[in-house]
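Residue-level structure breakdown
For reference, the chains in residue letters:
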Amino acid sequence: KNITGMIENILPERVFKTLLDVGAMADELGFKCYLVGGVVRDILLRKTNEDIDIVVEGSAPEFAKSFADRHGARAAVHAKFKTAVVIFPDGFRVDFATSRTEYYHFPASAPMVEDASIKNDLFRRDFSINAMAVKLNKREFGTLLDFFGGQRDLQDKKIRVLHSLSFVDDPSRALRAVRFAVRFDFMIGPHTDRLFRHAVNLDLFERVQGQRMFLELKYILSEKNYKKALRMMRKYDLLKFFHKDLRLDERKEAQFDSLEMILDWYRFQFDEEPELYIARMAVLFSDLEKSAVKDILERFQLDEHKTLEHSECFKQVKDSLAWLKRSKKMPNSVFTRHMSRMATPCALAVSALVGEIFEKQVKDYFSVYRYVKPDIGGNDLLAMKIEPKTEYSNLLSAVKDAKIDGKCTDRESQLRFVAELALKNGEK
Ligand code: CTP
């Protein structure tokens, strides 16, 4: 089956042209190149996907370097894994991997084992729907290789592993299965389901690298239907691999519903997408003890900056929630000062968790108060000969607070306000 027409229709023109260029260069260098993985699946589902993964029979680093040279791009090579990424000046990236044939050696010349190398590469992949390839060399450009029934499973809406040891080879595939099942509204095939439960019982997840666990959770929480994915994780008892106390119950689901409402409002108001997964993760973790969140973050093994960013956010959400619930009512300026210490996704998580009593204040904060600035500045204070200058920023933020609380909304009243305040503080 040749799917050139579909590729051309579905992928953006520049991506399609790049694939033709890859094929032409593969012929020149005497390599074979294939488009593989998620993008092939998505083309068959008539969805676009610009994550281009190419398998090279030959040397991916060598191919990538020549390709980058020819097309004015740069190649970053990962020699140990025999992979490379070509990055174009506009940021468009193409990933190249050398076909994995290390376990078997197939004589390339024997006609009956033609495609053996790519077949072997595809066989090591997670699910049939992700294990299809498209030939890119010129003569056969667009030929679909589907050795394991990927097209049939796409039609039957089924997630199916290629062999019984798939989850043992890589337990993080269980989380991928959940993600794809939810994204495409597919079922987990019956045999795959048994293997899946078996992998959970064997506690294989301890072996999965922390960063992988983080990324898979991040991807799941970035899915539109993430609530369904979390329910599926509960069904398969996967939540415990993140933390033994992690729960998804009706209350948590209601909190996610509130979060989605505030996110919808935010998107509509500001035409901007906050980092969804952080807000959702903060809600997911909001009932955990601080020590549990710390354990999770240690397990994730993120770099220092990311660890700090996430732990800060989760901690702020917890503290803020406790404080707001205790305080109940407060002036808008106090609320604003509190909220503006948090990054937007964390502030949105707090808004979702804190409940209706703060709904108006939350909305006013995002649409008005966070932008409020005093109408007077340091020059005005200088002109008024207020000393010491080190107090200026405190005075100006007091003016801002007063403006937020509606006490002085124009320059005149703010000048009067600041003069009185300076006098009261004993400044000159
Ligand atoms: N893959 C795999 N096992 C994994 C991860 C990836 O076999 N644990 C293979 C699959 O063939 C997958 C490909 O590597 O299609 C690329 O992986 P990735 O980019 O993570 O997934 P995509 O399928 O492209 O998913 P998405 O659409 O979410 O990017």
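Residues numbered from 1 in each chain as written. Predicted model: local features only at pLDDT ≥ 70, side-chain atom pairs only at ≥ 80, totals over all residues. Heavy atoms only, no water.

1. Topic: the site of the ligand
Convention followed: Near residues are defined by distance, with any heavy atom within 4 Å of the molecule or strand qualifying the residue. Throughout this description, a polar contact denotes any pair of N or O atoms lying within 3.5 Å of each other; where both atoms belong to protein, one of them has to be capable of donating a hydrogen while the other can accept it, and for residues adjacent in sequence the pair is counted only when both atoms sit in side chains. Areas reported here follow the Shrake-Rupley algorithm with a probe of radius 1.4 Å; residue values treat only the protein chains shown as occluding. Only DSSP runs of H or I with at least four residues qualify as helices, and only runs of E with at least two residues qualify as strands; both kinds are numbered from the N terminus onward.
Around the ligand there are 15 residues in total, and Arg41, Asp126, Asp170, Arg179 and Arg183 lie nearest to it. Contact distances for the ligand include 2.7 Å between an oxygen atom and a side-chain N or O atom of arginine 41. Arginine 179 places a polar side-chain atom, nitrogen or oxygen, 2.8 Å from an oxygen atom of the ligand. In the complex, 77% of the free accessible area of the ligand, which totals 570 Å², lies under the protein chains. Listed by contribution, the elements that provide at least two residues to the shell around the ligand are helix H3 (38-44) and helix H8 (173-184).

2. What about the packing of aromatic side chains?
What describes a pair of aromatic rings is the distance from one ring centre to the other and the angle between the planes of the rings. The following threshold applies: Here is the rule: rings of Phe, Tyr and Trp (six-membered ring for Trp) pair when centre to centre is within 6.5 Å. Planes less than 30 degrees apart are stacked, more than 60 are edge-to-face, and the remainder are tilted. Think of it in three bands: with a 1.4 Å probe and only protein chains considered, a residue is buried below 20% of the maximum accessible area for its type, exposed above 50%, and partly exposed in between. A ring is considered to have a charge above it if a Lys NZ or an Arg CZ atom is located within 6 Å of its centre and within 35 degrees of its normal.
The tally for this structure, following the rule as stated, stands at 27 aromatic pairs. Ring centres 6.2 Å apart and planes at 5° place the aromatic pair phenylalanine 180 and phenylalanine 184 in the stacked group. Of the two residues, phenylalanine 180 and phenylalanine 184 are both situated in helix H8; the distance of four residues between them amounts to about one turn of the helix. With relative accessibility at 2%, the residue phenylalanine 180 sits in the buried group. Judged by its relative accessible area of 8%, phenylalanine 184 is buried. Every member of this aromatic cluster is reached through a ring pair, and the members are Trp265, Tyr266, Phe270, Phe335, Phe358, Tyr365 and Phe366. Sitting over the ring of phenylalanine 180, arginine 179 keeps its end group 5.0 Å from the ring centre. Positioned above the aromatic ring of phenylalanine 270 is the side chain of arginine 370, whose terminal nitrogen or guanidinium carbon lies 4.7 Å from the ring centre.

3. Things to note about the domain arrangement of the protein
The line we're drawing: For every domain, the bounds stem from an assignment made automatically or drawn from a database. Note on definitions: a residue-residue contact is assigned when non-hydrogen atoms from the two residues lie within 4.5 Å. Two parts placed together each lose some accessible area; with a 1.4 Å probe, that loss summed over both constitutes the buried area. What makes a salt bridge here is a side-chain nitrogen of Lys or Arg within 4 Å of a carboxyl oxygen of Asp or Glu, nothing more. Gly falls in the polar group here, along with every residue not listed as nonpolar (Ala, Val, Leu, Ile, Met, Phe, Trp, Tyr, Cys, Pro) or charged (Asp, Glu, Lys, Arg).
The assigned domain composition of the protein is domain 1 (4-155), domain 2 (157-242), domain 3 (246-371) and domain 4 (373-424). Each of domain 3 and domain 4 was reduced to a C-alpha centroid, and the two centroids are 32 Å apart. Opposite the seven residues of domain 3 that make contact, domain 4 presents four residues. With both chains or domains summed, domain 3 and domain 4 bury close to 490 Å², and 46% of this area falls on carbon and sulfur atoms. The largest per-residue losses of area from domain 3 upon contact with domain 4 belong to Ser333, Tyr369 and Tyr371, which jointly make up 62% of the total buried on that side. Taken together, domain 3 and domain 4 are joined by one salt bridge. Close ionic contact of arginine 337 with aspartate 401 constitutes a salt bridge, the shortest N to O distance being 2.1 Å. Here domain 3 and domain 4 share four residue pairs in polar contact (both at pLDDT 80 or more) between them. In terms of residue class, the side of domain 3 that touches domain 4 is built from three nonpolar, three polar and one charged.

4. Here's the deal with the packing of H8 against helix H10 (residues 210-222)
Note the threshold: Axis definition: a line fitted to C-alpha atoms, limited for helices to the stretch in contact. Angles are taken between N-to-C directions and run from 0 to 180 degrees. Under this scheme an angle from 65 to 115 degrees is roughly perpendicular, one under 35 degrees roughly parallel, and one over 145 degrees roughly antiparallel; angles in between are oblique.
Interhelical geometry of H8 versus H10 gives an angle of 10° and a closest axis separation of 10 Å. Looking at the two axes, H8 sits roughly parallel to H10. Residues Leu175, Arg176, Val178 and Arg179 of H8 form the contact with H10, whose own contacting residues are Met213, Glu216, Tyr219 and Ile220. Residue classes in the contact of H8 with H10 are distributed as five nonpolar, no polar and three charged.

5. Considering a negative patch on the surface
Worth spelling out the cut-off: A residue counts toward a patch only above 30% relative accessible area and without a salt bridge, and it is joined to like-charged neighbours within 9 Å or, for Val, Leu, Ile, Met, Phe, Trp and Tyr, to nonpolar neighbours within 5 Å. Positive charges come from Lys and Arg, negative ones from Asp and Glu, while His and the chain ends are left out of the count. By convention, the point assigned to a charge is CZ for Arg, NZ for Lys, CD for Glu and CG for Asp.
A cluster of acidic residues, Glu50, Asp51, Asp53 and Asp95, forms a negative patch at the surface. In this structure, aspartate 95 sits in strand S5 (residues 93-98).

6. Overview of the pairing of strand S3 (residues 74-78)
Regular strands place their side chains on alternate faces of the sheet. Using the following cut-off: For two strands to be treated as a pair, DSSP must find no fewer than two bridges joining them.
Sheet analysis places S3 next to strand S4 (residues 83-87), joined by five bridges and oriented antiparallel. Each residue of the ladder has a partner; that of arginine 74, found in S4, is isoleucine 87. Connecting the antiparallel pair S3 and S4 is a turn made up of four residues, with lysine 82 showing a positive phi of about 55°.

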